[in-house]
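The primary structure of each chain is shown beneath.
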Protein chains: 2
Amino acid sequence: MDNRNKALEFAKNNQAKFLAELNEFIRIPSVSTAPEHKSDILKTAEWLTRQLAGIGMQNIQILPTGGHPVVYGECICARKDAPTVLIYGHYDVQPADPLDLWTTDPFEPAQRGDNLYARGASDMKGQVMASIKAVESVMQAGELPVNVKFLFEGEEEIGSPNLVPFIKEHVDLLACDVALNPDTGMIGPDAPTITYALRGLAYFELRVYGPEHDLHSGLFGGTVHNPAVVLSELIAGMHNATGKVTLPGFYDRVRALSAEERAELARLPLDEKHFLDQTGVSALYGEEGYTPAERVGARPTLEVNGLLSGFTGVGSKTVLPAYAMAKISMRLVPDQDPKEVEESLITYLKEKSPNTVRWEITNLSSGRPSISDIHHPATQAMVRGLETVWGTPPLYKREGGSVPIVGDMQRLLGVESVLTGFGLSDDNVHAPNEKLHLPTWYKGIQALIHFFYNYGQV
Amino acid sequence: MDNRNKALEFAKNNQAKFLAELNEFIRIPSVSTAPEHKSDILKTAEWLTRQLAGIGMQNIQILPTGGHPVVYGECICARKDAPTVLIYGHYDVQPADPLDLWTTDPFEPAQRGDNLYARGASDMKGQVMASIKAVESVMQAGELPVNVKFLFEGEEEIGSPNLVPFIKEHVDLLACDVALNPDTGMIGPDAPTITYALRGLAYFELRVYGPEHDLHSGLFGGTVHNPAVVLSELIAGMHNATGKVTLPGFYDRVRALSAEERAELARLPLDEKHFLDQTGVSALYGEEGYTPAERVGARPTLEVNGLLSGFTGVGSKTVLPAYAMAKISMRLVPDQDPKEVEESLITYLKEKSPNTVRWEITNLSSGRPSISDIHHPATQAMVRGLETVWGTPPLYKREGGSVPIVGDMQRLLGVESVLTGFGLSDDNVHAPNEKLHLPTWYKGIQALIHFFYNYGQV
């Protein structure tokens, strides 16, 4: 039996062990946005170093950043001309709230049927473990066919504020031929997927301030502009009747979709019914003139991620609130620039906000959109790996989510990223009852094993 | 010394005792909207029965309702033709949140300068105690000049949902010639005030439901209508550019202001500067064509009292929320009807809400507007009492707040209400750092003593 088959065999025989280790990883609630979870972040980083040591990695380090640390480990193989793969992942997770909507504890993985339910199971502790377990299987089988470097950050879910400076400082350590990023998912369990473009992000908190303190709505209502009403009016003005974003200049740098690309996107199984089934809404919404697949993948959007003002408890309180807050984020497509989008938001607010209130915005997170070369040898190595395991060639997709690191690696390390992953679109990532489809996860480990041998050409 | 002067003297000599008793009353956090304070509500009711017993009231009872109980006590004087005054008050208070904006504990009264800071100090534990202490002073001086009945409810701050059925059941017990309601305030410490009209209230919770659960804003943003955006658009459409409420038929039953009434309202010291000073805003807002005093007193308004959707914690979470909630209330003026206003809100929502979401509203509280006869002998007895103490005739005011019980008593008991009170417009009622101006409170007790003797004509 050759090494490739030995590795595939090892992975098959060790599924129960891999799953038990994934469960350990998930149980540490590494919520990066919550200060009270800071020690869990550190525990998770330490846990990862033990994982990397356990599979035989070298030069393992917990590297400080301006925020949560980076975990690094590498294995440089004997063969001199072997290419180097930098495997990117993040070990932090989204907050689990609203907790009351979870069927089981978000940080106690629960297997029901083929799925494992937990925060981070799909995004992306499952994907991180798939890549570690694939490397483990390959190392158990013999010589590594490629050099491997692992880079796991702890701040992806808060917009990776310290990753760019980190990469700049560690350009030599991170030198590689290609990055592998398993943080994008599959369109369905039978549809392995290569993502070749990602949307960027510009995430803001907008606060509108009215009176100095909450007022009695009876004694003052009618004389003071209600900041919750003003905020609602500002938000309402951000889309027009055709679903377009109205911020001045918002579309100026948006790259138009070519006819070829529209044809490719039309082949994806992302029709109206797909989105209706996934979301449970009675009717879809979106920018006129584009299909749902185009809207999520290739068009920029603006969403309200949160609203808060005044009294929100049970019952009634007749308050005229002192301020109102909205979290507002835009998904960006090539060649939009988060800085320019921030300026257009500011221009909009200056034009539209009345003199009865004052407002301020805070940029909470931003990342550039990116687009990759699908003909790269590493991408093609992954394409063949996916095809071998699933028996069908992968789909090529533009992804609606944001992975700013892809553009950053192009810029700072001069490398393309292979974007794949084994999460499914109904995994409830960033939502209650996040889950991982285990049969797909096991297949994903097999596909990654093939990738290493394909790319190393052994 | 006659009884009136004896009573006035007693009140002057017992200010420290009165204040200590008010502090005891305030320390029980009788927040009616919060289920966790239910036992405090009962404690407060029991505390009040001890107060009433202590000053010599009879037939003291804690009477059950469908919600928090009513406290009752009476003293029927010897004189056969004495008129009966039903003194209304509420012993419940608003929630104290946001707690971080309080300088001192909201339920531990703190005296700073002339003011006593605490939740309920002004609205309306201070006013309840002023009326009890005035009756105590009169009884200490000799025979009561009028029959007195006390009715203290525990649900005013949640819209008195059980008071109308309670009054209907106890019409004989509550029989009286006039009601005294000290829940409306004074325009300033030197401006005693009689309120002759009150706005009504219609308070709703509006929920807009989108996807079945929170979605990843990258993976779904652009295909699903964001319920926080839809809610904002619905709210934005509720006012037009001239500050008018756009709900269909909203103004149909609004009684137009007469030239005489506008002239009377123009004499109130409620000019633009007053509202700017009270609120700290840089510019006022409101319905075109009306002065600030008219807008708060005699015109209906619509306010957003609360907003909640999606992620509202520190940092960023890229969620497309499953639902969005707003607390929305309207202040009503004669002859608007809360039921009709609810229908016009429903009509508006049916017309304006898109088919991409569903919505529901809950009526949390409602009360009719009211307007009273200022020539009633009891009102004139209070007018003379206020003039005696302050040395200036009181102002006549239309009040922006809502005291639905006034209209209910007209309808169910056939009596007018004398509306006064010793709270000031800068008391921060329903807001952090609520306070009571103690010199005004002591004067108020004196004025109430005069009222009893004036009305009893002894």
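Remember, predicted model here, so these are calculated numbers, not experimental data.

Rules of the game
Residues numbered from 1 in each chain as written. Chains lettered and ligands numbered in written order. Predicted model: local features only at pLDDT ≥ 70, side-chain atom pairs only at ≥ 80, totals over all residues. Pairing = 2+ DSSP bridges. Helix = DSSP H or I, 4+ residues; strand = E, 2+ residues; numbered from the N terminus. Axes fitted to C-alpha atoms, helices over the stretch in contact; angles between N-to-C directions. Contact = placed C-beta atoms within 7 Å. Parallel < 35°, antiparallel > 145°, perpendicular 65-115°, else oblique. Left-handed = near helix turned anticlockwise from the far one by under 90°. Nonpolar A, V, L, I, M, F, W, Y, C, P; charged D, E, K, R; others polar. Least-squares fit on C-alpha atoms with pLDDT ≥ 70 in both. Domains from an automatic or database assignment. Buried ≥ 20, exposed ≤ 12 C-beta atoms within 10 Å, placed from the backbone. Expected span 1.5 Å × (residues − 1).

(A) Broad picture of the sheet that holds strand S13 (residues 323–332) of chain B. Spatially, eight strands are ordered S14(A)-S9(A)-S13(A)-S11(A)-S11(B)-S13(B)-S9(B)-S14(B) in an open sheet, and the strand pairing comes out antiparallel. The sheet is open, and its two edges are formed by strand S14 (358–367) of chain A together with strand S14 (358–367) of chain B, each paired on a single side. Direction aside, neighbouring strands of the sheet carry axes that sit 20° apart on average. Both strand S9 (residues 200–209) of chain A and S14 of chain A contribute to a ladder of nine bridges, which runs antiparallel. Bridge pairing links Val208 of chain A to Trp359 of chain A in S14 of chain A. Relative to the sheet, helix H7 (residues 227–236) of chain B contacts strand S11 (301–310) of chain A together with strand S9 (200–209), strand S11 (301–310) and S13 of chain B, its axis offset from that of S13 of chain B by approximately 15°.

(B) Examining the packing of helix H1 (residues 3–13) of chain B against helix H14 (residues 438–456) of chain B more closely. Residues and elements named next belong to chain B. As a packed pair, H1 and H14 sit with axes 10 Å apart at the nearest point and diverge in direction by 160°. Between H1 and H14, the interaxial angle falls into the category roughly antiparallel. Helix-helix and strand crossings are classified by hand; for H1 and H14 the assignment is right-handed. For the pair H1 and H14, contact is made by Arg4, Ala7, Leu8 and Ala11 and by Ile445, Gln446, Ile449 and Tyr453, respectively. Here the contact of H1 with H14 is composed, by residue class, of six nonpolar, one polar and one charged.

(C) Quick peek at the sheet that holds strand S18 (residues 435–437) of chain B. All names here are of chain B. The strand order S4-S5-S18 describes an open sheet built from three strands, whose pairing is antiparallel. One side of each edge strand has no neighbouring strand; the edge strands of this open sheet are strand S4 (110–112) and S18. The average undirected angle you get between the axes of adjacent strands in this sheet is 25°. For strand S5 (residues 115–117) and S18, the ladder comprises three bridges, and the chain directions are antiparallel. By the bridge assignment for S18, Tyr117 is matched with Lys435. Across the sheet, helix H4 (residues 121–141) is in contact with S5 and S18; its angle to S18 comes to roughly 50°.

(D) Representation of the interface of chain A and chain B. Across the contact, 82 residues belong to chain A and 82 residues belong to chain B. The class makeup of the residues in the side of chain A that touches chain B is 32 nonpolar, 39 polar and 11 charged. With five bridges joining them, S11 of chain A and S11 of chain B adopt antiparallel strand pairing. Residue pairing in the sheet places Leu307 of chain A in a bridge with Ser309 of chain B of S11 of chain B.

(E) Structural view of the relation of the copies chain A and chain B. Rotating chain A by 180° about the axis while translating it 0.0 Å along that axis superimposes it on chain B, leaving an RMSD of 0.1 Å. The superposition of one copy onto the other is thereby described by a two-fold rotation axis. A share of 100% of the interface residues of chain A reappears at the interface of chain B, consistent with the copies meeting face to face through the same patch.

(F) Here's a closer look at the domain arrangement of chain A. Residues and elements named next belong to chain A. Assigned domains of chain A: these are domain 1 (3–198 + 369–456) and domain 2 (200–254 + 300–367). On a C-alpha basis, the centres of domain 1 and domain 2 stand 35 Å from each other. The interface of domain 1 with domain 2 comprises seven residues on the first partner and 12 residues on the second. Class assignment for the residues of the side of domain 1 that touches domain 2 results in four nonpolar, three polar and no charged.

(G) Spatial organisation of the environment of Asn23 of chain A. Residues and elements named next belong to chain A. Relative to the helices and strands, Asn23 resides in helix H2 (residues 15–27). On the basis of neighbour counts, which here come to 18 C-beta atoms within 10 Å, the residue Asn23 falls in the partly exposed class. Placed 212 residues apart in sequence, Asn23 and Ile235 show a C-alpha to C-alpha distance of 41 Å.

(H) Representation of the pairing of S13 of chain B. All names here are of chain B. Summarising burial for S13: 10 of the 10 residues are buried, a large majority. Pairing of S9 with S13, which is carried by 10 bridges, proceeds in the antiparallel orientation. What sits directly across from Arg207, in S13, is Met325. Across eight bridges, S11 lies against S13 in antiparallel orientation. By the bridge assignment, Glu303 is partnered in S13 with Ser329.

(I) Structural view of helix H12 (residues 377–390) of chain B. All names here are of chain B. Between the first and last C-alpha of H12 there are 20 Å, a value that for 14 residues agrees with the 20 Å anticipated at 1.5 Å per step. All of the buried residues in H12 are Ala378, Thr379, Ala381, Met382, Val383, Gly385 and Leu386. Buried residues in H12 make contact with strand S7 (178–181), strand S8 (193–198), strand S17 (417–419) and H14. Phi turns positive one or two residues past the end of H12, at Gly391, with a value near 75°.

(J) Summary view of unusual backbone geometry. All names here are of chain B. Cis geometry marks the peptide bond from Asp123 to Met124, where omega comes out at -15°. For Met124, the location among the structural elements is in helix H4. In this model, Pro334 is joined to Asp335 through a cis peptide bond whose omega is 5°. With a phi close to 55°, Asn428 is a non-glycine residue in the positive phi region. Within the secondary structure, Asn428 sits in the loop between S17 and S18.

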